[in-house]
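Next come the chains, spelled out residue by residue.
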Amino acid sequence: MPTVYALQHVFAEPLGIIDEALEASGIGAEYIRVFAGNPVPGDMTGAAGLVVMGGSMGVYEQAEYPFLSQEIRLIEAALKAEKPVLGVCLGSQLLAAALGAEVKKGDRKEIGWFPVALTKAASTDRLFSEVQRSFTAYHWHGDVFDLPGGAVSLASSAQTQCQAFSYQERAYGLLFHLEATHKIVEDMVCGFAGELDEEKIDGAEIIAQTRKHLTQLQRIGAPVFQRWASLIEG
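Below is a summary of the structure that appears in this document. Bear in mind that the values here come from a model prediction, so they are computed numbers and not experimental data.

## Thoughts on the overall build of the protein chain
Scanning the protein chain from terminus to terminus reveals six helices and nine strands. In summary, the protein chain has a C-alpha radius of gyration of 16 Å against a globular reference of 17 Å for 234 residues, a match within 12%. Overall size of the protein chain, expressed as C-alpha extent along the three principal axes, is 45 × 40 × 30 Å. Per-residue burial over the protein chain gives 54% buried out of 234 residues. The contacts of the protein chain with a sequence gap of at least 6 include a subset with a gap of at least 24, amounting to 75%. Carbon together with sulfur atoms contributes 47% to the accessible area of the protein chain, which is approximately 10,200 Å² in total. In the protein chain, which carries 18 positive and 29 negative side-chain charges, the distance between the mean positions of the two groups comes to 5 Å.

Laid out in C-alpha cells, this is it:
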C-alpha cells in the first residue's frame, strides 16, 4: 500500500475528509504530529506523497518553530522528486514559500463561512474542473501570499486574492478548509476561542453556519481529494 506523509501542526486540524479519499484509493497516511514532538522526515524516500495541514503559527516564525523550515525542505524534496503535494491553510502557505512566494499577515483575519470563486483556469484543472464556479467555504487564516511563480491561480474570495493554486498539476495549495468536518470546526472553535474573542467573532455563529454549509462543502471536497489521491503512484 502506498503511503503519504501527513504533517499535523495542531490537534484540531487533522486530515478530515482527505483521510476518507486516501482510504478509498488504497493509500495509507502516516501522521507526523509535530505538536506532539514527532520529527519531520528528512526526505521523501518513505512516502509517495505529502499532505501538510493547517496550524496557528506563521511561515515567518521559523526561528520560534524550527520544524517549519524542516517542512519547507521536505516540500522542496517532494517537488524535486515529482511526488504529489497537498497543502491546506498553513500547508498552502508553506508550499507557496517553498515555491518562492512571500507569506505575510493579511489586513484582517478571514474566519468563518464565506464564498469562494473559482478562476477560469480551474475549469480545466484536473482536480477542480467539475466543481461549481462558486461555493461557500470554511476559512480560518490570518496570513496571505502572492501566487508563486509558475503556479496557476484556482480560486479567490472577496477578501483574499489567492485562495487556491496548483503547480505543475501535482502540487496544490488550498488556503480554505475544504477538508472540514463537524468535529474539526467544533474543535477549532473551542481550541481557538481566545482568537475568536480577540477578533470579536461569534463561535456559535460559525457552528450554526457549519450546519447550513458543511454538507455541500463535503460534496465538493470528496471528489477533489479523490482526484488528488489518484496522483499517488503505488
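That was the structure; now back to the text.
## Focus on the pairing of strand S2 (residues 28-33)
In this structure, strand S1 (residues 3-8) lies alongside S2, joined through six bridges in parallel fashion. Within the sheet, the bridge partner assigned to Thr-3 lies in S2 and is Gly-28. Taken together, S1, helix H1 (residues 17-24) and S2 constitute a β-α-β crossover, and its handedness is right-handed.

## Structural notes on the environment of Leu-178
Inspection of the secondary structure assignment puts Leu-178 in the loop between strand S9 (171-174) and helix H4 (182-191). For Leu-178, a relative accessible area of 0% corresponds to the buried category. Sequence separation between Leu-178 and Ser-56 is 122 residues; the distance between their C-alpha atoms is 17 Å. Residue contacts for Leu-178: discarding those within four places in its chain leaves Ile-17, Phe-128, Leu-217, Ile-220, Gly-221, Val-224 and Phe-225.

## Topic: helix H6 (residues 203-229)
Its 27 residues place the ends of H6 only 32 Å apart at the C-alpha level, less than the 39 Å of an ideal helix rising 1.5 Å per residue. Largest kink in H6: about 50 degrees, centred on His-213. Between a side-chain oxygen at the N-terminus of H6 and the backbone nitrogen of Ala-204 the separation is 3.0 Å; the capping residue is Asp-202.

## Some points on the packing of H1 against H6
Relative orientation of the contacting elements H1 and H6 amounts to 45 degrees, with a least axis distance of 8 Å. Comparing their axes, H6 and H1 come out oblique. Regarding H1 and H6, the two cross each other, and that crossing is right-handed. Only Gln-218, Gly-221, Ala-222, Phe-225, Gln-226, Trp-228 and Ala-229 of H6 make contact with H1, whose side of the interface consists of Ile-17, Ile-18, Ala-21 and Leu-22. For the contact of H1 with H6, the per-class residue count stands at eight nonpolar, three polar and no charged.

## Examining the state of the cysteines
Disulfides are covalent bonds that link the sulfur atoms of two cysteine residues. The full count for this structure, using the stated rule, is zero disulfides. Among the cysteines around Cys-162, which has no disulfide bond, Cys-89 carries the closest sulfur, lying 13 Å off. A relative accessible area of 4% means that Cys-162 is categorised as buried. No disulfide involves Cys-190; its nearest neighbouring cysteine sulfur is the one of Cys-89, lying 18 Å away. A relative accessible area of 61% places Cys-190 in the exposed class.

## Here's the deal with the packing of aromatic side chains
Under the defined criterion, the tally for this structure stands at five aromatic pairs. Judged by centre distance (5.7 Å) and plane angle (65 degrees), the ring pair of Trp-140 and Phe-192 falls under edge-to-face. Residue Trp-140 is located in strand S6 (residues 134-145), and its partner Phe-192 is located in the loop between H4 and helix H5 (193-199); the two are separated by 52 residues in the primary sequence. Judged by its relative accessible area of 14%, Phe-192 falls in the buried class. A centroid spacing of 5.7 Å and a plane angle of 80 degrees characterise the contact between Phe-145 and Phe-165, whose relative ring orientation is edge-to-face. Linking Phe-145 in strand S6 with Phe-165 in strand S8 (residues 164-167), this pair joins segments that are 20 residues apart in sequence. Of the residues examined, Phe-165 reaches a relative accessible area of 0% and is grouped as buried. If you follow Arg-33 out to its NZ or CZ, it ends over the ring of Tyr-31, 4.2 Å from the centre.

Procedures and definitions
Residues numbered from 1 in each chain as written. Predicted model: local features only at pLDDT ≥ 70, side-chain atom pairs only at ≥ 80, totals over all residues. Heavy atoms only, no water. Helix = DSSP H or I, 4+ residues; strand = E, 2+ residues; numbered from the N terminus. Rg over C-alpha atoms; globule rule 2.2 N^0.38 Å. Buried < 20%, exposed > 50% of the residue type's maximum accessible area, 1.4 Å probe, protein only. Contact = heavy atoms within 4.5 Å. Areas by Shrake-Rupley, 256 points an atom, 1.4 Å probe, with all protein chains shown as cover. Lys, Arg positive; Asp, Glu negative; His and termini not counted. Charge placed at Lys NZ, Arg CZ, Asp CG, Glu CD. Pairing = 2+ DSSP bridges. Right-handed = clockwise from strand over helix to strand, strands pointing away. Expected span 1.5 Å × (residues − 1). Bend = angle between axes of the 7 residues up to and from the residue. Polar contact = N/O pair within 3.5 Å; in protein donor to acceptor, adjacent residues only side chain to side chain. Axes fitted to C-alpha atoms, helices over the stretch in contact; angles between N-to-C directions. Parallel < 35°, antiparallel > 145°, perpendicular 65-115°, else oblique. Left-handed = near helix turned anticlockwise from the far one by under 90°. Nonpolar A, V, L, I, M, F, W, Y, C, P; charged D, E, K, R; others polar. Disulfide = S-S within 2.5 Å. Phe/Tyr/Trp six-rings, centres within 6.5 Å; stacked < 30°, edge-to-face > 60°. Lys NZ or Arg CZ within 6 Å of the ring centre and 35° of its normal.

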